[in-house]
Amino acid sequence: MAEAERAAGSPPGAVQVSVIVPVHNSECWLDECLKSVWEQDFKQTMELSIFNDASKDGSAEIIAKWKVKLEDAGVPVVVGSNDSAQPRGVGFAKNQAIIQSSGTYLCFLDSDDVMMPQRVRLQHEAAIQHPNSIIGCQVRREPPESTARYTRWINNLTEEQLLTQVFTSHGPTVIMPTWFCSREWFYHVGKFDEGGKGVPEDLLFFYKHLQKGGGVLRVNRCLLLYRYHPQAATHSVHEETIWNHRVKFLEDRVLSTWTSFTIWNAGKQGKKLYRSLSPANRKKVTAFCDVDEKKIAKGFYTFEESEERPKPKIPICHFREATPPFIICVKQFWIR
């Protein structure tokens, strides 16, 4: 064990991995979640850090039960709580669980999900080799047929696509419940946004991570049972909120370096993208292009909401006549 700890850059006896679990009214799933921590085959030092964010159900009692069981098995458990009447949100709970923990590496686990026994071991091995990366894994969805297309996307992105498709989905290319990273890199990026309900804290952190030069990798093994249910925090984030954050990221990451571009889609999605751009980036749009003859026959798109006079008119042309670079805006790739 001492040799492995030295290889990971930690002094002997230091906690190697903290499993980070935010909890809010999770009694339906928490037993199975915490049992999966207990079943890990990781042989080095590991702790569980739970933050109970104003739960009103039986979550606290389940946490207390598993604290005894895990500590009997040699896994320290750190428990924090927000005892006020209102929860502070997932970003706050995750930040608090990290602050109270001590591991060199952080393994994120949602309280409604279940880890496979090999998860911590395999992601820890990958994280040692890639200290500035977020490490994800493949997942199995529960119920099995829920979000089938999205699950295929999660599991089948190539190594290159983990970086190139960051603009084409509603969330990170490695999903938050599978994240594993070093503590040092987490604090280099900065904490999660604590705006509370309706804030996509994982997406915002992922964008900051990329902007700071972080890598994205996936262990190509199914290491997590990823639950889909109406109470999931992801349902509290409005589609429009995510869209606006993604457009801002596109503008900062790509469009800021371009002097002009063509939007490939003269339909609703392309026009929505155009309207969502900053005034400076709208001026860079030289044309819309499409293959639909009816759209092309219109000749141009008038930006009716503009306060400019005359109102901007953007040409619509066939893609063969269009000038690159292109922003390809196709609905099925922008919607989870």
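Residues numbered from 1 in each chain as written. Predicted model: local features only at pLDDT ≥ 70, side-chain atom pairs only at ≥ 80, totals over all residues. Heavy atoms only, no water.

- Under an unreviewed UniProt entry, the name given to the protein chain is UDP-GlcNAc:betaGal beta-1,3-N-acetylglucosaminyltransferase like 1, and the organism recorded is Gallus gallus.

1. Let's talk about the nonpolar core
Move 1: Counting 68 residues, the largest nonpolar core has V19, L48, F108, V120, W179 and F206 as its most contacted members.
Move 2: Looking at which element gives the most residues to this core, the answer is strand β8 (residues 215-227), with six residues.
Move 3: What F108 contacts, discounting residues up to four positions off in sequence, is I20, K94, I98, R119, M176, P177, W179, C181, F186 and F192. (Core = buried A, V, L, I, M, F, W, Y, C linked by side-chain atoms within 4.5 Å. Buried < 20%, exposed > 50% of the residue type's maximum accessible area, 1.4 Å probe, protein only. Helix = DSSP H or I, 4+ residues; strand = E, 2+ residues; numbered from the N terminus. Contact = heavy atoms within 4.5 Å.)

2. Details of the packing of helix α9 (residues 201-211) against helix α10 (residues 239-253)
Move 1: Relative to each other, α9 and α10 sit at 5°, their axes nearing to 11 Å. As judged from the angle between their axes, α9 and α10 are roughly parallel. On the side of α9, the interface is formed by L203, L204, Y207, L210 and Q211, while α10 contributes I242, H245, R246, F249, D252 and R253.
Move 2: Grouping the amino acids of the contact of α9 with α10 by side-chain chemistry returns six nonpolar, two polar and three charged. (Axes fitted to C-alpha atoms, helices over the stretch in contact; angles between N-to-C directions. Parallel < 35°, antiparallel > 145°, perpendicular 65-115°, else oblique. Nonpolar A, V, L, I, M, F, W, Y, C, P; charged D, E, K, R; others polar.)

3. Description of unusual backbone geometry
Move 1: A cis amide bond links R309 with the next residue in sequence, P310, at an omega value of -5°.
Move 2: With respect to the element layout, P310 can be found in the loop between β11 (300-302) and β12 (313-318).
Move 3: Note the cis peptide between P324 and P325, where omega equals 5°.
Move 4: Residue position: P325 is located in the loop between β12 and β13 (326-328).
Move 5: Positive phi, normally seen in glycine, also occurs at A54, with a value near 60°.
Move 6: For A54, the position within the fold is in the loop between β2 (46-53) and α3 (59-72).
Move 7: Classification of A54 as buried rests on a relative accessible area of 4%.

4. Remarks on the pattern of salt bridges
Move 1: Considering all chains together, one arrives at twelve salt bridges under this definition.
Move 2: For K35, the salt bridge is made with E39, and the minimal N-O distance between the two is 3.8 Å.
Move 3: A relative accessible area of 37% places K35 in the partly exposed class.
Move 4: When its relative accessible area of 37% is taken as the criterion, E39 is described as partly exposed.
Move 5: Note that K248 and D252 form a salt bridge whose closest N and O atoms lie 2.6 Å from each other. One end of the pair, K248, and the other, D252, are both in helix α10, four residues apart, so they sit about a helical turn from each other. (Salt bridge = Lys/Arg side-chain N within 4 Å of Asp/Glu carboxyl O.)

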